[in-house]
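An overview of the molecular structure
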Amino acid sequence: MRAIIEFCSSNLHSGTELVMKRLEERPDLDVIEYGCLGNCGECYTFPYALVNGEIVAAANAEELEQQIENKIKQIDEMLDLLGE
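What comes next concerns the included structure. Owing to the predicted nature of the structure, the values given are computational and were not obtained by experimental measurement.

Right, let's get into the nonpolar core. General note: in soluble globular proteins, nonpolar side chains tend to be found buried as a group. By size, the foremost hydrophobic cluster in this structure holds 19 residues, and its most contacted members are I5, F7, L23 and I68. Looking at this core, the elements with two or more residues in it are β1 (3-8), α1 (16-24), β2 (29-34), β3 (48-51) and α3 (61-82). Per-element tally for this core: the top contributor is α3, with 6 residues. Contact partners of I5, with chain neighbours within four places excluded, come to L23, L29, D30, V31, I32, A49, L50, V51, I68 and I72. One finds C8, L37, C43 and L50 within the second-largest nonpolar core, a separate group that totals 5 residues.

Now for the side chain of E6. Structurally, the position occupied by E6 is in strand β1. At 13 Å, K71 is the nearest oppositely charged side chain to E6, a buried residue that forms no salt bridge. Those residues in contact with E6, other than ones at most four positions away along the chain, are I32, Y34, L37, A49, L50 and G53.

Taken together, the 4 strands give an open sheet; going across it, the order is β2-β1-β3-β4, and neighbouring strands pair in mixed fashion. The sheet is open, and its two edges are formed by β2 and β4 (54-57), each paired on a single side. Each adjacent strand pair in this sheet contributes to an overall mean axis angle of 30°, direction not counted.

Calculation criteria
- Residues numbered from 1 in each chain as written.
- Predicted model: local features only at pLDDT ≥ 70, side-chain atom pairs only at ≥ 80, totals over all residues.
- Heavy atoms only, no water.
- Core = buried A, V, L, I, M, F, W, Y, C linked by side-chain atoms within 4.5 Å.
- Buried < 20%, exposed > 50% of the residue type's maximum accessible area, 1.4 Å probe, protein only.
- Helix = DSSP H or I, 4+ residues; strand = E, 2+ residues; numbered from the N terminus.
- Contact = heavy atoms within 4.5 Å.
- Lys, Arg positive; Asp, Glu negative; His and termini not counted.
- Salt bridge = Lys/Arg side-chain N within 4 Å of Asp/Glu carboxyl O.
- Pairing = 2+ DSSP bridges.
- Axes fitted to C-alpha atoms, helices over the stretch in contact; angles between N-to-C directions.

This is the structure in structure tokens:
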């Protein structure tokens, strides 16, 4: 199962645009940009994205990319355990 990474276009100013572009290059991910994800408090405060519907946030864009990678790894490990 491919992970779905969702970005809010209103949050791209915080450096997440570069993270999104790098992740878009990966064929194993579905990366989607929305006009609004409905998380305005998070959007205003720090870089974030949704990974399979869960908020992943960090202090800066570089840290966000690492947190997203960690979340994808967790998802993959869980799917391996379940035999999917």
